[in-house]
Amino acid sequence: ELPSIDLTKQLARVMTIHDIIPILYSEHMTDKIKGEFQRTIESINHQKDWIICNSENTKNDFCAYTHFPKEKVFVTPFAADDKFREIKDRSAVDAALQRSGIPCSPYILSLCTLEPRKNLEFLVSGFQKLLVEQPDLDLNFVLVGGVGWKNKRLLKILESSKILKSKVILTGYIPDKDLSAIYTGATAFIYPSLYEGFGLPPLEAMQCGTPVITSNVSSLPEVVGDAGIMINPTDEDGLCQGILNLVQDSNLRAELSQKSLTRAQQFSWAKCAEQTIEVYNIAANNR
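Everything numeric here is computed off the predicted structure, so don't read it as measured data.

(A) Representation of the overall build of the protein in the model. Helix and strand counts for the protein come out as 14 helices and nine strands. A compact globule built from 287 residues would reach a C-alpha radius of gyration of about 19 Å, and the protein, at 21 Å, matches this within 12%. Dimensions of the protein, computed from C-alpha atoms along their principal axes, come out at roughly 65 × 40 × 30 Å. Every one of the 287 residues in the protein was classed for burial, and the buried ones make up 50%. By element, 51% of the accessible surface of the protein is carried by carbon and sulfur atoms, the whole surface being about 13800 Å².

(B) Summary view of the side chain of S55. Residue placement: S55 occurs in the loop between β2 (49–53) and α4 (56–66). S55 gets classed as buried once you look at its relative accessible area, which sits at 1%. Among the polar contacts listed, one links the side chain of S55 to the backbone oxygen of G197, at a separation of 2.7 Å.

(C) Broad picture of the confidence of the model for the protein. Of the residues in the protein, 96% have a pLDDT of 70 or more, and the chain-wide mean is 91. Put simply, helix α1 (residues 5–8) is where the protein has its lowest mean pLDDT, 72, and strand β3 (residues 73–75) is where it has its highest, 98.

(D) Fine view of the packing of aromatic side chains. Enumeration according to the criterion identifies 10 aromatic pairs in this entry. For the pair F62 and F68, a centre-to-centre distance of 5.7 Å together with 50° between the ring planes defines the contact as tilted. Plain terms: the ring middles of F78 and W269 are 5.2 Å apart, the flat faces sit at 40° to each other, and that makes the pair tilted. Within this pair, whereas F78 is found in the loop between β3 and α5 (90–99), its partner W269 is found in helix α14 (residues 269–285), the two being separated by 191 residues in sequence. Using a relative accessible area of 39% as the deciding quantity, one classes W269 as partly exposed. Taken together through their ring pairs, the aromatic side chains of F78, F198, F267 and W269 make up a single cluster. Above the ring of W50, the side-chain terminus of K72 is found at 5.0 Å from the ring centroid.

(E) Structural context of α5. By the burial criterion, the buried members of α5 are V93, A96 and L97. The buried residues of α5 occupy an angular sector of 100° when the element is viewed end-on, so they sit on one face. Across α5 from its buried face, at more than 90 degrees, point the exposed residues Q98 and R99. Close packing links the buried residues of α5 with β4 (107–111) and α9 (176–185). Looking one or two places after α5, you find G101, whose phi comes out positive at around 75°.

(F) Geometry of the packing of helix α6 (residues 120–133) against helix α12 (residues 236–248). The N-to-C vectors of α6 and α12 enclose an angle of 60°; their axes lie 9 Å apart at closest approach. Comparing the axis directions of α6 and α12 gives the class oblique. The two elements α6 and α12 meet at a crossing, and its hand is right-handed. Here F122, L123, S125, G126, K129 and L130 of α6 come into contact with α12, specifically with E236, D237, L239, C240, I243 and L244. Taken together, the residues of the contact of α6 with α12 sort by class into seven nonpolar, two polar and three charged.

What counts and how
Residues numbered from 1 in each chain as written. Predicted model: local features only at pLDDT ≥ 70, side-chain atom pairs only at ≥ 80, totals over all residues. Heavy atoms only, no water. Helix = DSSP H or I, 4+ residues; strand = E, 2+ residues; numbered from the N terminus. Rg over C-alpha atoms; globule rule 2.2 N^0.38 Å. Buried < 20%, exposed > 50% of the residue type's maximum accessible area, 1.4 Å probe, protein only. Areas by Shrake-Rupley, 256 points an atom, 1.4 Å probe, with all protein chains shown as cover. Polar contact = N/O pair within 3.5 Å; in protein donor to acceptor, adjacent residues only side chain to side chain. pLDDT = per-residue confidence, 0-100. Phe/Tyr/Trp six-rings, centres within 6.5 Å; stacked < 30°, edge-to-face > 60°. Lys NZ or Arg CZ within 6 Å of the ring centre and 35° of its normal. Arc of directions from axis to C-beta. Contact = heavy atoms within 4.5 Å. Axes fitted to C-alpha atoms, helices over the stretch in contact; angles between N-to-C directions. Parallel < 35°, antiparallel > 145°, perpendicular 65-115°, else oblique. Left-handed = near helix turned anticlockwise from the far one by under 90°. Nonpolar A, V, L, I, M, F, W, Y, C, P; charged D, E, K, R; others polar.

The following block contains the structure:
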């Protein structure tokens, strides 16, 4: 939370708000996180402070909840790290897959913390439906990420389904040095999150030239634009059809791969830094 005005006196105060998930999805959060976030929001002074958000969606949600003046809220989009890049050497991709325990066969990929907001039960259910309807489909599902919280039901679903046990690979944490290869090797990157303040993983995948299927909600359309397939994160048929289209159509994969690489170039940390500095200058000059 912001330091008290008794301490900062006439100094400009700028806070960055990444999202208001503890408010919008409080049922997915611990009491500790909800309490800390509420104290942070209450520390903001509408007259004296300035706010930075990393997406227009977060700005709109923040202003709607707090009634903070929109003209004092600025958007500075994030970017994917330069280390995420398309790996042209297939042997390097295969070596990374082997290190991570991933078979060298077609796979869809998702990368996130295993927690409810990421909508993984929906993704797993859709994948299972696709395998049942297309029994000859040669496709695995690789899920990369930390254990997270409130995921016992997801893990139970994976454990109790024979078809999922043979086709879903939980890698846990994968070191950064291998992630570009894991992204590059995927037929598609799937990210049906219910809400994101920005959504870096789809952008990382796009920077590696990987076709993306993601949700048409929150900030994700701002990130992906027309470079990916957007779905309603409750539409299982839409998810299955999107995956099947990419698996079966190499021309579509090539088209979205090129669009992804082009779209990702619109985001940079240098641009983010310049925009952030500009906000601090505005705040300092309008105390």
